[in-house]
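Structural features, examined
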Amino acid sequence: MKLSPRLLKTLINLWPPFLGAGIKVGHIAPDWQQVDVRLRLGLTNRNYVGVHFGGSLYSMTDPFFMLMLMQSLGPDYVVWDKAGSIEYHKPGKGVVHARFNLDHQQIADIRRHTATGEKHLPQLKVDIRDSAGDVVATVHKTLYVRRKKGR
């Protein structure tokens, strides 16, 4: 489904799992190549020791590379999350941010790898940073991308 970045931003910000966790999308670029997400520390997303719950940190990153690729590649492609992991670097306090970036070369490489109908498993990463710019966690994502048969 082709959505405008503005409509998707509104829908995601009203989506109950993100709304309840305090996750907010601040910006989606018109070409789908950049998304900014933030997470404020609150009662619903803090852990036992008072810092960001790791599940909330991962949740704030979960759908974005898949959505960005789906919108960038169009309806002729199947795009799924295949695997993900998170590496924690320091406790997250206050507001944390993640900026997702795709560039034209990455999209061209994916199109090239899938041109004959083969699957491609691009590996992408995003850093979650605190307000000082320090990396709190790094999320690694592996996506499954394939051109649909008969297209």
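Scope of this entry: the structure provided in the associated data block. (Residues numbered from 1 in each chain as written. Predicted model: local features only at pLDDT ≥ 70, side-chain atom pairs only at ≥ 80, totals over all residues. Heavy atoms only, no water.)

Turning our eyes to something else, we now look at the pattern of salt bridges. This model, assessed by the stated rule, comprises seven salt bridges. With its nearest N and O atoms 2.9 Å apart, the salt bridge here joins Asp-62 to Lys-141. Of this pair, Asp-62 sits in the loop between helix H3 (54–59) and helix H4 (64–73) while Lys-141 is found in strand E6 (residues 135–147), placing the two residues 79 residues apart along the sequence. Overall, Asp-62 belongs to the partly exposed group, its relative accessible area being 30%. Assessed through its relative accessible area of 2%, Lys-141 is described here as buried. When the shortest N-O distance is used, the salt bridge between Asp-130 and Lys-90 registers 3.1 Å. Placement of Asp-130 in strand E5 (residues 123–130) and of Lys-90 in the loop between strand E3 (77–88) and strand E4 (95–101) is noted, with a sequence separation of 40 residues between them. The class of Lys-90 is partly exposed, set by a relative accessible area of 33%. One salt-bridge network, held together by shared partners, links Asp-62, Asp-81 and Lys-141. (Salt bridge = Lys/Arg side-chain N within 4 Å of Asp/Glu carboxyl O. Helix = DSSP H or I, 4+ residues; strand = E, 2+ residues; numbered from the N terminus. Buried < 20%, exposed > 50% of the residue type's maximum accessible area, 1.4 Å probe, protein only.)

Working note: α-helix, 3.6 residues per turn, so residues spaced by three or four point in the same direction. Among all positions of helix H1 (residues 5–14), only Pro-5, Leu-8, Ile-12 and Asn-13 are buried. Across the axial projection of H1, the buried residues extend over an arc of 130°, all falling on one side. Opposite the buried face of H1, at more than 90 degrees from it, the exposed residues are Arg-6 and Leu-14. Here the buried face of H1 lies against helix H2 (16–21), strand E1 (23–28) and H4. (Arc of directions from axis to C-beta. Contact = heavy atoms within 4.5 Å.)

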